[in-house]
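Understanding the architecture of this molecule
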Amino acid sequence: MEDFNMEINQQIHNQATWFTLTNDHNVSVIISDFGATVVAINTPDKNGHVANITLGFMHSHSYLQHHDYFGATVARVAGRLANASWQGHQLDINSTPNHMHGGEHPSLSYTHWNLIKLIKTDSQIGVVLRYISPAGENGYPGRLSISAMFVLDQKNKFTITYFGNTSETTLFNPTTHIYFNLSGNAHAVVDNHEIRINADTIAETDANKLPTGKFLSVADMPYDFRQPQNLGLALSKLPNGLDTPFKLNPQSSLQPQLSLKDPESGRKLGIHTNANSFIVFSTTGFEGDFLVDGTRKMTSQLGLAIEPQMLPDAPNHPNFGNIVITPDNPMIYQTAYTLN
Ligand code: BGC
């Protein structure tokens, strides 16, 4: 058996428990049971200096104050749903006239989740949290049980799996809303990052950021990331930045469909998901009078939210994929982050 020192450390705050998963390669991940939130992912740079590659807060109470889903699990349905309605059910209207990110606060992104188990084997460590959303919460039918499993392994792979089980037919399309910044501790904006996405098309969106149902080819557009591109260059051609659903090309391998690299720190990130899109949000226009990571004022392009999920508003577009969950068919969404 491999000799290892991986550990899980639990830190109790007033209203939350933070679980720190640390492997033997200087990589650690902090998960909070408040919103099943990824508080930090700490990785070494090219000189071995370890820093956080996500935007977050150093104190658990900050997560009560800032409602832009920093690292949070977003569900029942991430993204927007047209007219906040599904099969006659009136969902919360919180992005008028639509429904967004599961509905009004406090949504399950700002709620306590229960610890189900800690995982420790010779190759991985993890934590499983569960939230049971009662029938009718945020307008959705069915009692939906969501388990979120966060696992870090010795190969620097961090995997998040959501398991959904419902009492009645309902919708389920979760995401983890992590804002990445590979410079570490929000040292610099993300403009010099290089990004690659295996997507030939994006979903066109209207003025409310709701998909129109049309797909646009990325060819000759600033959205063409099929080969690695400098993010700042693309953003200089997009005055409103990116808040864009990229439809992933089918691929047979488990290779990342998205790669991000910061040439300065040397840090890299690869993401593979079994969902069919990434919503990429560049925080353009997001100027906050608060500090992230205790160090830096929130500004445009301080982070890049990469949201693996089924295409937004899927129930209204037959070719967007299925997000309807039934009692007979539990659903599993899985995303793996390779950190190196
Ligand atoms: C949405 C943005 C929104 C942000 C923060 C993103 O996922 O696409 O439109 O401003 O979340 O709430």
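Within each chain, residue numbers correspond to sequence positions counted from 1 in written order. Confidence filtering applies because this is a predicted model: local features only for residues at pLDDT of at least 70, side-chain atom pairs given and counted only at 80 or more, and all residues used for totals across whole chains, interfaces and linings. Each side-chain value is worked out from all heavy atoms of the structure, with water and hydrogens disregarded.

Digging into the overall build of the protein chain
For helices the rule is a DSSP run of H or I covering at least 4 residues; for strands it is a run of E covering at least 2, with both sets numbered from the N terminus onward. Of the regular secondary structure elements, the protein chain holds two helices and 29 strands. Put simply, the radius of gyration uses C-alpha atoms, and a globule should come to 2.2 Å times the residue count raised to 0.38. Over its C-alpha atoms the protein chain spans a radius of gyration of 19 Å, differing by no more than 12% from the 20 Å that the globule rule assigns to 340 residues. Over its C-alpha atoms, taken along the principal directions, the protein chain stretches across nearly 55 × 45 × 45 Å. Scored against the burial criterion, the 340 residues of the protein chain give a buried share of 57%. When contacts within the protein chain are restricted to residue pairs at least 6 apart in sequence, those whose partners lie at least 24 apart make up 64%. Every accessible area reported is derived by Shrake-Rupley at a probe size of 1.4 Å, with residue values counting cover from the shown protein chains alone. Total accessible area on the protein chain stands at roughly 13,900 Å², and carbon and sulfur atoms take up 48% of it. In this scheme, a residue with accessible area under 20% of its type's maximum is buried, one over 50% is exposed, and one in between is partly exposed, where area comes from a 1.4 Å probe on protein chains only. Contacts are assigned to residue pairs with any non-hydrogen atoms lying within 4.5 Å of each other.

Quick look at the UniProt feature "binding site: beta-D-galactose" (unreviewed entry) in the protein chain
UniProt positions are given in the numbering used here, feature names are shortened, and annotations may be inferred rather than shown by experiment. As annotated by UniProt and renumbered to match this structure, "binding site: beta-D-galactose" (unreviewed entry) occupies H177, I178, Y179 and D243. Spatial clustering of the annotated residues is evident: they stretch over 67 residues in sequence, but the largest pairwise C-alpha distance comes to 13.9 Å. Within the secondary structure layout, H177 lies in strand β16 (residues 175-180). Sequence-distant contacts of H177, defined by excluding residues within four places in its chain, comprise D68, Y69, F70, G71, A72, V74, H101, A305 and E307. Tracing the backbone shows Y179 in strand β16. Discounting residues that sit within four places of it in the chain, Y179 has contacts with I53, T54, L55, D68, Y69, F70, F281, T283, F286, L304 and A305.

Some remarks on the nonpolar core
By nonpolar core is meant a set of buried Ala, Val, Leu, Ile, Met, Phe, Trp, Tyr and Cys residues that side-chain atoms within 4.5 Å join together. Residues F150, F158, F180 and I197 are the most contacted members of the largest nonpolar core, which totals 71 residues. For this core, the leading source of residues is strand β13 (residues 144-153), giving five residues. Leave out the neighbours within four places in its chain, and F150 touches L21, I31, A36, V38, T73, I125, G126, V127, L129, F158, T159 and I160.

Some thoughts on the site of the ligand
Taken together, D68, Y69, R80, M100, H101, H177, Y179, K209, D243, F281 and E307 make up all the residues around the ligand. Within the side chain of R80, one N or O atom sits 2.9 Å away from an oxygen atom of the ligand. Under the rule applied, a polar contact is a pair of N or O atoms within 3.5 Å (in protein, one hydrogen donor and one hydrogen acceptor; residues adjacent in sequence only if both atoms are side-chain atoms). In the model, an oxygen atom of the ligand is placed 2.6 Å from a nitrogen or oxygen of the D243 side chain. Here the ligand, which alone exposes 310 Å², has 89% of that area covered by the protein. Residues are sorted three ways: Asp, Glu, Lys and Arg are charged, Ala, Val, Leu, Ile, Met, Phe, Trp, Tyr, Cys and Pro are nonpolar, and all the rest, Gly among them, are polar. A breakdown of the residues in the shell around the ligand according to their chemical character gives four nonpolar, two polar and five charged. We call a residue near a molecule or strand as soon as one heavy atom of that residue lies within 4 Å of the molecule or strand.

Observations concerning the sheet that holds strand β23 (residues 267-273)
Each pair of strands is called paired provided DSSP finds at least two bridges between the two strands. Pairing is antiparallel in the open sheet, where nine strands are placed in the order β11-β12-β13-β14-β29-β23-β22-β17-β20. Of all strands in the sheet, those with a lone pairing partner are β11 (114-120) and β20 (229-230), marking the two edges.

Remarks on the UniProt feature "active site" (unreviewed entry) in the protein chain
UniProt annotation of "active site" (unreviewed entry) refers to H177 and E307 when read in the numbering used here. Taken along the chain, the residues just named run across 131 residues; in space they keep tight, none of their C-alpha pairs more than 5.6 Å apart. Side-chain polar atoms of H177 contact the backbone oxygen of Y69, separated by 3.3 Å. Inspection of the secondary structure puts E307 in strand β27 (residues 304-309). Look at E307 and you get buried, because its relative accessible area is 3%. Leave out the neighbours within four places in its chain, and E307 touches H101, T175, T176, H177, S277, F278, I279 and F281. Looking at E307, its side chain comes within polar contact range of the side chain of H177, at 3.4 Å.

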